[in-house]
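Close look at the chain arrangement
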Amino acid sequence: MKYEVQENCLTIFLPNELDHHNAEEIRRKSDRLIEKHHIKCVIFDFGETNFMDSSGIGVIMGRYRMVNLLGGEVWAVHANERMKKILVMSGVTKIIQIYEEEHV
Amino acid sequence: MRDTNEMELVFDSISVNEGFARVAVAAFMTQLNPTLEEVADVKTAVSEAVTNAIIHGYEKEVKKIRIHCQLKEQVIYIEVEDYGKGIENVKQAMEPMYTSKPELERSGMGFSFMEAFMDEISVVSEPGKGTLVKMQRKIGKGRELWTTQSL
């Protein structure tokens, strides 16, 4: 898993499969970075991700809660059709934004 | 021609086995010639059921989880069973967004995902005895017509 901090923005490069097994580590590492760098914007990069279940939704909701208190926001980028379907189905798109490539 | 096939898996309730379980079921179902989306749907549902067994059934104690799969004609029947603490109120547990463990950042969507991705799901649970989740999914819906007609 890779994490990148630029000013007050944290990008989390998600693994191939985002389930309960690796959700714990992402939660721990990203929360440490969010506190240390006063992060206001969290970007979940789905570029390498082909599987996600509701544990992944839990991770997104949790990070949203953290940065939302400071008026921050959460984005999903490079999500394939399957990942978009899961994000939309879960209703999490009401609180996060999906960045669409076409709009570049 | 034989048109049923069965398999059973018993494995430890540790989180690394979530990936193992869904991939094993996915590999078993390939003989039904599923689409990628059908495989992804079943994998997600299996992952949810196994995660529930680990987090809620055994509360991270290491015990055994059993998966039983049966292919019958074009339907896959999946059972995921644990022998853990069971669910007091199954109806409440299945409500979207309900979670008994908010401190673990569970989204409360496990059963909703299983319902969304499978055709049918039922849950039998007894406190102190364990939980059995039964799910089924027809593979190849809307694709089967011409083969039968042409014969």
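Below is a summary of the structure that appears in this document. In this text, all values refer to a predicted model and were calculated from it rather than measured experimentally.

Focus on the pattern of salt bridges
Per the counting criterion, the structure on display carries 20 salt bridges over all chains. Between B:Asp41 and A:Arg82 there is a salt bridge, and its shortest N-O distance comes to 2.5 Å. Taken as a pair, B:Asp41 in helix H2 (residues 36-57) and A:Arg82 in helix H3 (residues 81-90) lie in two separate chains rather than in one. A residue is classified by how much of its surface remains accessible, and B:Asp41, at 5% relative accessible area, is buried. When the shortest N-O distance is used, the salt bridge between B:Lys85 and B:Glu59 registers 3.3 Å. Taken as a pair, B:Lys85 in the loop between strand S3 (75-82) and helix H3 (90-93) and B:Glu59 in the loop between H2 and strand S2 (64-72) lie far apart in primary sequence, 26 residues in all. One salt-bridge network, held together by shared partners, links A:Glu17, A:Asp19, B:Arg22 and B:Lys43.

Some thoughts on the environment of B:Ser125
Residue and element names in this part refer to chain B. Examined against the element boundaries, Ser125 turns out to sit in strand S4 (residues 120-126). Each C-alpha atom, one on Ser125 and one on Glu18, is 21 Å from the other, the two residues being 107 residues apart in sequence. When residues no more than four places from it in sequence are discounted, the contact partners of Ser125 are Gly86, Ile87, Val90, Gly130 and Thr131. A distance of 2.7 Å separates the side chain of Ser125 from the backbone nitrogen of Ile87, its partner in a polar contact.

Details of H2(B)
An ideal rise of 1.5 Å per residue puts 32 Å on 22 residues; H2(B) measures up with 30 Å between its terminal C-alpha atoms. Once H2(B) ends, the next one or two residues include B:Glu59, with phi positive near 45 degrees.

With respect to the interface of chain B and chain A
In this assembly, 25 residues from chain B lie in contact with 22 residues from chain A. Buried surface at the junction of chain B and chain A, both sides included, amounts to about 1,900 Å², of which 50% is carbon and sulfur. Per-residue buried area on chain B facing chain A is highest for B:Arg22, B:Glu105 and B:Phe113; these three make up 29% of the total on that side. In this assembly, chain B and chain A are joined by six salt bridges. With its nearest N and O atoms 2.7 Å apart, the salt bridge here joins A:Glu17 to B:Arg22.

What about the packing of H2(B) against helix H4 (residues 110-117) of chain B?
Residue and element names in this part refer to chain B. Axis separation between H2 and H4 bottoms out at 9 Å; the angle between their running directions is 150 degrees. Relative to H4, H2 is oriented roughly antiparallel. At the point where H2 passes H4, the crossing takes the left-handed sense. Between H2, through Asp41, Thr44, Ala45, Glu48, Ala49 and Asn52, and H4, the contact on the second element is made entirely by Gly110, Phe111, Phe113, Met114 and Phe117. In terms of residue class, the contact of H2 with H4 is made up of six nonpolar, three polar and two charged.

Description of helix H1 (residues 16-29) of chain B
Among the 14 residues of H1(B), 10 are classified as buried, and the element is accordingly described as predominantly covered. When H1(B) is considered as a whole, its buried residues turn out to be B:Asn17, B:Glu18, B:Gly19, B:Ala21, B:Arg22, B:Ala24, B:Val25, B:Ala26, B:Phe28 and B:Met29.

Observations regarding the packing of aromatic side chains
Overall, the coordinates contain three aromatic pairs over all chains when judged by the stated rule. Between B:Phe11 and B:Phe20 the ring centres are 6.0 Å apart and the planes differ by 80 degrees, which places this aromatic pair in the edge-to-face class. Overall, the relative accessible area of 6% leaves B:Phe11 in the buried class. We classify B:Phe20 as partly exposed; its relative accessible area is 39%. Stacked on the ring of A:Phe13, the Lys or Arg A:Lys2 has its end atom at 4.8 Å from the ring centre.

As for the environment of B:Val46
All names here are of chain B. With respect to the helices, strands and loops of the structure, Val46 is situated in helix H2. In this structure the C-alpha to C-alpha distance between Val46 and Met118, which are 72 residues apart in sequence, comes to 9.9 Å. Setting aside residues no more than four positions away along its own chain, Val46 makes contact with Ala21, Arg22, Val25, Ile67, Ile78 and Met135.

Regarding the pairing of strand S6 (residues 73-77) of chain A
Residue and element names in this part refer to chain A. In this sheet, S6 lies alongside strand S4 (residues 41-45) in parallel orientation, the contact comprising five bridges. Bridge assignment links Cys41 to a residue of S6, and that residue is Glu73. Each parallel crossover has a hand, and the one from S6 via H3 to strand S7 (residues 97-98) is right-handed.

The rules behind the values
Residues numbered from 1 in each chain as written. Chains lettered and ligands numbered in written order. Predicted model: local features only at pLDDT ≥ 70, side-chain atom pairs only at ≥ 80, totals over all residues. Heavy atoms only, no water. Salt bridge = Lys/Arg side-chain N within 4 Å of Asp/Glu carboxyl O. Helix = DSSP H or I, 4+ residues; strand = E, 2+ residues; numbered from the N terminus. Buried < 20%, exposed > 50% of the residue type's maximum accessible area, 1.4 Å probe, protein only. Contact = heavy atoms within 4.5 Å. Polar contact = N/O pair within 3.5 Å; in protein donor to acceptor, adjacent residues only side chain to side chain. Expected span 1.5 Å × (residues − 1). Buried area = accessible area lost by both parts, 1.4 Å probe. Axes fitted to C-alpha atoms, helices over the stretch in contact; angles between N-to-C directions. Parallel < 35°, antiparallel > 145°, perpendicular 65-115°, else oblique. Left-handed = near helix turned anticlockwise from the far one by under 90°. Nonpolar A, V, L, I, M, F, W, Y, C, P; charged D, E, K, R; others polar. Phe/Tyr/Trp six-rings, centres within 6.5 Å; stacked < 30°, edge-to-face > 60°. Lys NZ or Arg CZ within 6 Å of the ring centre and 35° of its normal. Pairing = 2+ DSSP bridges. Right-handed = clockwise from strand over helix to strand, strands pointing away.

Keep in mind these numbers describe shape, not what the thing actually does.
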